[in-house]
Amino acid sequence: MKFIEVTDYDRGLRCLISADKISSVVCDGDGSVFIEMGVDSEGTSSGILVEETFDDIKKQINSEN
């Protein structure tokens, strides 16, 4: 199983997230990045807003390690 390491935007906590659980990575117009890990029955997205850039996340997901 592969994990990526990110920093929670709101609390500054370091987190390991299973790449298998990521459903999408969204970059807003202001550069903020949200990692979506699911949607509930009402269509509300759940996930984590992170400090890393979209390209940082993309590189971690696509890396061999």
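Parameters at a glance
Residues numbered from 1 in each chain as written. Predicted model: local features only at pLDDT ≥ 70, side-chain atom pairs only at ≥ 80, totals over all residues. Heavy atoms only, no water. Pairing = 2+ DSSP bridges. Helix = DSSP H or I, 4+ residues; strand = E, 2+ residues; numbered from the N terminus. Axes fitted to C-alpha atoms, helices over the stretch in contact; angles between N-to-C directions. Disulfide = S-S within 2.5 Å. Buried < 20%, exposed > 50% of the residue type's maximum accessible area, 1.4 Å probe, protein only. Core = buried A, V, L, I, M, F, W, Y, C linked by side-chain atoms within 4.5 Å. Contact = heavy atoms within 4.5 Å. Salt bridge = Lys/Arg side-chain N within 4 Å of Asp/Glu carboxyl O.

(A) Fine view of the sheet that holds strand β4 (residues 33–39). The strand order across the open sheet built from three strands is β3-β4-β5, with neighbouring strands paired in antiparallel fashion. Each edge of the open sheet carries a strand with a single partner, namely β3 (24–27) and β5 (45–50). For this sheet, the mean angle separating the axes of adjacent strands, direction not counted, is 30°. Where β3 and β4 come together, four bridges link them in antiparallel fashion. Bridge pairing in β4 places V25 opposite I35.

(B) Region of the structure containing the state of the cysteines. This structure, assessed with the given rule, holds zero disulfides. With no disulfide of its own, C15 lies closest to C27 among cysteine sulfurs, the gap being 19 Å. Given a relative accessible area of 41%, C27 falls into the partly exposed group.

(C) Inspection of the nonpolar core at higher detail. Among the nonpolar cores identified, the biggest contains nine residues, and these are I4, V6, I17, I22, V33, I35, I48, V50 and I57. If near-sequence neighbours (up to four positions away) are discounted, I17 is found in contact with K2, F3, I4, V6, I22, I35, M37 and I48.

(D) How the structure looks around the pattern of salt bridges. One pass over the structure, following the stated rule, counts three salt bridges. Here R14 and E5 are joined by a salt bridge, their closest N and O atoms 2.9 Å apart. On the accessibility criterion, R14 (47% relative accessible area) is partly exposed. Given a relative accessible area of 40%, E5 falls into the partly exposed group. With its nearest N and O atoms 3.9 Å apart, the salt bridge here joins D8 to R11. A relative accessible area of 7% places D8 in the buried class. Taking the relative accessible area as the measure of exposure, R11 reaches 62% and is therefore exposed. Among the charged side chains, a network of salt bridges with common partners joins E5, R14 and E52.

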